[in-house]
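Letter by letter, the chains look like this.
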Amino acid sequence: MTLKRKTLSANFEARSVLLIAGWTLGAASAALAQNMPARPAAPSDAEISAIFKQTDKNGDGKLSREEAAALPSVAANFEKVDANADGSLSAEEFSKAMKM
Ligand SMILES: [Ca+2]
Ligand SMILES: [Ca+2]
């Protein structure tokens, strides 16, 4: 009898944990869905600048083709992003590309 009661109680606890987890997840995904823009928001200037600095491995303030290779979407459009066609991306060129 004691064993049975223990099992029942354990089952009940497992159920409530699952239920609570379900509620939390449901609430979280509902909130996410409401806040989700139809189109992902453009990165902020601070984010763009952080990505630029991270990608500019040698810190010369420009992204070479080799450095840009770390960002496949940028590398694939390197010629387009390199507006003045000098073979490297300035912070300004990079920023414009990120906001496109
Ligand atoms: Ca560089
Ligand atoms: Ca350039």
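Data block above holds the structure.
The structure presented is a predicted model; accordingly, all values stated were derived computationally and were not measured.

Visitor: Looking at this structure, I do not really get the nonpolar core. What am I missing?
Guide: One broad trend across soluble globular proteins is that nonpolar side chains are buried collectively. With nine residues, the main nonpolar core is built from Phe52, Leu63, Ala68, Leu71, Val74, Val81, Leu89, Phe94 and Met98. With near-sequence residues (within four places) excluded, Ala68 lies in contact with Thr55, Leu63, Val74, Ala75, Phe78 and Leu89.

Visitor: What is the right way to look at unusual backbone geometry in this model?
Guide: The phi torsion of most residues other than glycine is negative, and most of the peptide bonds are trans. One non-glycine residue, Ala85, lies in the positive phi region at around 50°. Position of Ala85 among the secondary structure elements: in the loop between α5 (78-81) and β2 (88-90). Classification of Ala85 by C-beta neighbours within 10 Å gives exposed; the count is 7.

Visitor: What should I look at first to understand the environment of Ala68 in this one?
Guide: If you trace the backbone, Ala68 turns up in helix α3 (residues 65-68). The sequence separation of Ala68 and Thr55 amounts to 13 residues, and the corresponding C-alpha distance is 6.8 Å.

Visitor: Help me understand the environment of Glu67 in this model?
Guide: Counting through the fold element by element, Glu67 comes out in helix α3. Given 20 C-beta atoms within a 10 Å radius, Glu67 is considered buried. A sequence separation of 15 residues divides Glu67 from Phe52, and the C-alpha atoms of the two residues are 9.9 Å apart. Residues in contact with Glu67, not counting those within four places in the same chain, are Thr55, Asp56 and Lys57.

Conventions we followed
- Residues numbered from 1 in each chain as written.
- Chains lettered and ligands numbered in written order.
- Predicted model: local features only at pLDDT ≥ 70, side-chain atom pairs only at ≥ 80, totals over all residues.
- Core = buried A, V, L, I, M, F, W, Y, C linked by C-beta atoms within 7 Å.
- Buried ≥ 20, exposed ≤ 12 C-beta atoms within 10 Å, placed from the backbone.
- Contact = placed C-beta atoms within 7 Å.
- Helix = DSSP H or I, 4+ residues; strand = E, 2+ residues; numbered from the N terminus.

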